[in-house]
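Fold and contact review
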Amino acid sequence: MTDRSREIFGNKMSVSVYKKAVRSKRKYVKKFGDDSGFSYPVKLADTPAIGDILGVSEIRLGEGSADGKAEDLESAPEDFDREKGIIVGNIRMGFGHYRISMAIASAANALGCKPYWMDLNSYPQTLCTQIISAQNDLYSLGSRISQKSRLFNRLVWEPMNYEGFRKLSYNAADQKNAELMAAVYRNVPKDIPVVATHVWPAQAALHAGMKNVVNAIPDNWPMALHLAEGALHTVQTHYAFQGYRILNGMQGKAVLKPMPEDALTYTGHYIDHELVSNIEVDCAARKARKENGEPMRFLLTIGGAGAQKEIFAEIIRYLLPMIQKKKAVLYINVGDYKNVWEELCGQIPEMKQHSTEHFGDWQDTKSFAEDALTGKVEGIHGFWHKNIFEAVYCTNLLMRSCDVLVTKPSELAFYPVPKLFIKRVGGHEQWGAIHSAEIGDGTLECRDIPHTLQMLQLFLEEKEYFCNMCDNIIRNKKAGIYDGAYEVVKLAMGRKKEEK
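The following refers to the structure shown. (Residues numbered from 1 in each chain as written. Predicted model: local features only at pLDDT ≥ 70, side-chain atom pairs only at ≥ 80, totals over all residues. Heavy atoms only, no water.)

Moving on: the sheet that holds strand β15 (residues 380–384). What the seven strands build is an open sheet, ordered β14-β15-β13-β12-β16-β17-β18; its pairing is parallel. For this open sheet the edge positions go to β14 (355–359) and β18 (442–445), each flanked by a neighbour on one side alone. Ignoring strand direction, the axes of neighbouring strands in this sheet form an average angle of 15 degrees. Pairing of strand β12 (residues 296–301) with strand β13 (residues 328–333), which is carried by six bridges, proceeds in the parallel orientation. Its bridge partner being in β13, L300 is matched across the sheet by I332. (Pairing = 2+ DSSP bridges. Helix = DSSP H or I, 4+ residues; strand = E, 2+ residues; numbered from the N terminus. Axes fitted to C-alpha atoms, helices over the stretch in contact; angles between N-to-C directions.)

Reading across from one edge, β3-β4-β6-β5-β7-β8-β9-β11 is the order of the eight strands in this open sheet, with mixed pairing throughout. Among the strands making up the open sheet, the edge pair consists of β3 (42–46) and β11 (264–266). Averaged over all adjacent pairs, the angle separating strand axes in this sheet is 30 degrees, with direction ignored. The pairing of strand β8 (residues 213–216) with strand β9 (residues 232–235) spans three bridges and is classified as parallel. Residue pairing in the sheet places A216 in a bridge with T234 of β9.

The next subject is helix α16 (residues 449–461). Helix length check: α16 (13 residues) gives 18 Å between terminal C-alpha atoms against 18 Å at 1.5 Å per residue, within 8%. Every buried residue of α16 is accounted for by T452, M455, L456, F459 and L460. End-on, the buried residues of α16 take up no more than an arc of 135 degrees, which puts them together on one face. Of the exposed residues in α16, those oriented more than 90 degrees away from the buried face are P450 and E461. (Expected span 1.5 Å × (residues − 1). Buried < 20%, exposed > 50% of the residue type's maximum accessible area, 1.4 Å probe, protein only. Arc of directions from axis to C-beta.)

Right under this line is the structure:
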């Protein structure tokens, strides 16, 4: 196993940074044990909700032991498609990495490949999942506190997300921890390409000896957190490309050795085939609804544990009179957090009389999304699904028939739909809104409620402001800006052919 914590792209880490990385690894071993010598059997299974839509199968792991005895599942690497197979390595940490994974799987399916879903945070019997879950819990807690405490957000959360994760020293620790995650890949065929939509599945795959790893970097703010030396790194913007190429600011003011030319490439935005292929027809429908004076459809997607619920509550209050007058429609996806919907209804009792609940019935959600493409919609429609795949992909289904997506500027900042950006969660997210505003498919980041409501008013009352975004989305498609998922898959499969 290569030690990737002492030196990162030729930039040597100090003795103190390396020792800190080693201590981090030891801490997890002491807390959870060490399964580095374990053999976990693998099995392919149907993926809920998105399996049929995206042609994706799930990689599951059984119980293993240090003596090599496998329990519960039989190792079956022969079941994998060794010619067309591609593994989408991910973690469930919020909804963002799952959504990017769905985009990669969708593109792979459209290109005739066979995508395999591998969530490193779904194997509770492994040390890998225990480490990821522990860090996810800390991140979720910090995110929630940051929304309640301006002081914590200013002094702790923003600096950590903006500068802390940016440092090479952070990557050194992550790489050392990722050595403990490699066991999950032990019985996976090593020649199948891996596209990782979070850096840990990429790092773990490399430590495990996977031969072809593509690290699909999210966001638009270059951070060492996302580095997986040995993988091909892909980015969605030219700004990110330049920042990563020279490892800009990742060790203070030091001028660092750059990433090698063949370690980094620009692809464009990671977007689902189902969305990209329908851009023209969906934008035409949006403009026609605006021209005909139909209610403007706003999609509110509330991820995580309901962070920014207060902002969404004010948006709902503002739009309620418009909903009553049939000038606006609300889609509200609370993901797999039913309590968020209940809390919103408790805060705004008048919501209930205008609301239709689409709760837990996936077929009903799919039917509504399909009918809304050409049919009339009124009122408020709430969506909740217990299954994580349904909870995340629900937004993708609703996106096609909505007019404006209201979201923080995270992974959804790159999607081909007019967007209203509310206040970010973490300083790195602001660069997603900046990029979207520059290519004309989203607003500036609205950092307070008055500016958010101002943007809502512009969308509702002005035709040109909204229609320009639709036109820009079509122009962006012609320029290939939304083709990133296809390009990532082509790169992964192309590298496999080169190895042969």
